[in-house]
Amino acid sequence: MLLAASACLVVTVVTAAMTRLLQVWDLPALTMPYCLLAGAVTLAAPAFRRIRPHGRSIAVPPGAGSGPTVLRWNDVGEAFFHNVSQVLFIEQWYAGALVLAALFLASRVAGWLACAGSATGILTAWALGTPAARIADGTMGYNAVLVALALCGVFLAATPTTLLYALLGTATATALTPAVAALLAPSGGHPLTWPFVLTTLGFLAAARSLPHITGPTALRTANRPAEPLQGDQATDAPDPGIRAHRPAPAGWPTPAPASPAVLRPGSPNATPPW
């Protein structure tokens, strides 16, 4: 408990630092602080007898997938809900059902996106030949659910174009999960939400070069502007609230330059320039 409480304090500092660093590119920190701190504690634990008394390393060499790849209907059903519940480290289908119900209660769009992310994760893992047991326990698909929500509705507005973009991201995160696991396994690490972090940051950065993804309708979510991507679009756009300056008719005196408040419609002091 003391270790967990201390980690909560440290991760707050790490979050502030990562937010500051990624602010240079207008990108969110996501769960990167959690991944960094949880990974560091996991790797360091065997060196501390009070944390890991038996002192044996948890490092394992990466191995090839084994087991049948044929998905039965009960495997698909379990995987669909486990992909959601594993976000909370719970391998219970009813926990995933409760989380989905909460998402639908808060936002029907978010609920359907989570379902689409889970289904895409299952389909991608099956197409790549992942063992059925690995798909059914949800460890291959929880990153897909997070990516679907992040890229369509949170950091990019929910539109048909961003939906396709998000589904591409969910497939990428699913394929990236075993790669991250194999990379971290020799040192005792776990993939955690690294596939979600890497995929989302990469796709958000790439979206700046894709005008159909970051167009005017994709810059606002249901509740707020998509801040990490908004700045790129606002620099060269004219202010629609300011009228173009018209030359005075011949023989009329040239008016003095007006302040923006005078030229902005709706201002209590707004008056015609002449």
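The structure presented is a predicted model; accordingly, all values stated were derived computationally and were not measured. (Residues numbered from 1 in each chain as written. Predicted model: local features only at pLDDT ≥ 70, side-chain atom pairs only at ≥ 80, totals over all residues. Heavy atoms only, no water.)

Caption draft 1: Fine view of the overall build of the chain. A tally of helices and strands in the chain yields eleven helices and zero strands. Starting at the N terminus and ending at the C terminus, the chain contains elements arranged as α-α-α-α-α-α-α-α-α-α-α. A separation threshold of at least 6 residues defines the contact pool for the chain, and within that pool the share at least 24 residues apart is 63%. Of the roughly 16100 Å² of accessible surface on the chain, 68% is carried by carbon and sulfur atoms. (Helix = DSSP H or I, 4+ residues; strand = E, 2+ residues; numbered from the N terminus. Contact = heavy atoms within 4.5 Å. Areas by Shrake-Rupley, 256 points an atom, 1.4 Å probe, with all protein chains shown as cover.)

Caption draft 2: Just the nonpolar core, in detail. One finds Met 32 and Val 197 to be the most contacted residues of the largest nonpolar core, which totals 34 residues. Elements with a contribution of two residues or more to this core: α1 (2-22), α2 (32-44), α5 (108-127), α7 (142-154), α8 (160-184) and α9 (194-207). Excluding anything up to four places from it in sequence, Met 32 contacts Met 18, Leu 22, Trp 194, Val 197 and Leu 201. Core analysis: the second largest hydrophobic core is formed by seven residues, Ile 122, Ala 125, Ile 135 and Met 140 among them. (Core = buried A, V, L, I, M, F, W, Y, C linked by side-chain atoms within 4.5 Å. Buried < 20%, exposed > 50% of the residue type's maximum accessible area, 1.4 Å probe, protein only.)

Caption draft 3: Region of interest: the packing of α5 against α7. Look at α5 against α7: their axes get within 7 Å of each other, and the N-to-C directions meet at 135°. By the angle between their axes, α5 is oblique relative to α7. Between α5 and α7 lies a crossing of right-handed hand. Every residue of α7 that contacts α5 at Ala 110, Leu 113, Ala 114, Gly 117, Ser 118 and Gly 121 is listed here: Ala 144, Val 145, Ala 148, Leu 149 and Cys 152. Looking at the contact of α5 with α7 residue by residue, the classes come out as eight nonpolar, three polar and no charged. (Axes fitted to C-alpha atoms, helices over the stretch in contact; angles between N-to-C directions. Parallel < 35°, antiparallel > 145°, perpendicular 65-115°, else oblique. Left-handed = near helix turned anticlockwise from the far one by under 90°. Nonpolar A, V, L, I, M, F, W, Y, C, P; charged D, E, K, R; others polar.)

Caption draft 4: Quick look at the packing of aromatic side chains. One pass over the full model with this rule turns up six aromatic pairs. Judged by centre distance (6.4 Å) and plane angle (65°), the ring pair of Tyr 34 and Phe 89 falls under edge-to-face. You can see Tyr 34 sitting in helix α2 and its partner Phe 89 sitting in the loop between α3 (73-85) and α4 (93-106), a full 55 residues away along the chain. Residue Phe 89 is classed as exposed on the basis of its relative accessible area, which comes to 61%. Ring geometry for Trp 93 versus Tyr 94: centroids 6.0 Å apart, planes at 80°, classification edge-to-face. Judged by relative accessible area, Tyr 94 falls into the partly exposed class, the value being 43%. (Phe/Tyr/Trp six-rings, centres within 6.5 Å; stacked < 30°, edge-to-face > 60°.)

Caption draft 5: Representation of α3 within the structure. Taking 1.5 Å per residue, 13 residues should reach 18 Å; α3 reaches 19 Å between its end C-alpha atoms and fits that length. Turning to α3, its buried residues are Asp 75, Ala 79, His 82, Asn 83, Val 84 and Ser 85. In the core, the buried residues of α3 are packed alongside α4, α5, α6 (132-136) and α7. (Expected span 1.5 Å × (residues − 1).)

Caption draft 6: Summary view of α9. For α9, spanning 14 residues, the distance from its first C-alpha to its last is 20 Å, which sits close to the expected 20 Å at 1.5 Å a residue. With ten of 14 residues buried, α9 is to be regarded as a mostly interior element. Within α9, the full set of buried residues consists of Trp 194, Pro 195, Phe 196, Val 197, Thr 199, Thr 200, Leu 201, Phe 203, Leu 204 and Ala 207.

Caption draft 7: Here's a closer look at the side chain of Thr 193. Tracing the sequence through the fold places Thr 193 in the loop between α8 and α9. Looking at Thr 193, its side chain comes within polar contact range of the side chain of Thr 31, at 2.7 Å. Those residues in contact with Thr 193, other than ones at most four positions away along the chain, are Thr 31, Tyr 34, Cys 35, Tyr 142, Asn 143 and Leu 146. (Polar contact = N/O pair within 3.5 Å; in protein donor to acceptor, adjacent residues only side chain to side chain.)

Caption draft 8: Region of the structure containing the environment of His 190. Relative to the elements of secondary structure, His 190 occurs in the loop between α8 and α9. Using a relative accessible area of 45% as the deciding quantity, one classes His 190 as partly exposed. Measuring from C-alpha to C-alpha, the distance between His 190 and Thr 42 comes to 8.6 Å, with 148 residues separating the pair along the chain.

Any functional reading would require information that these geometric values do not contain.
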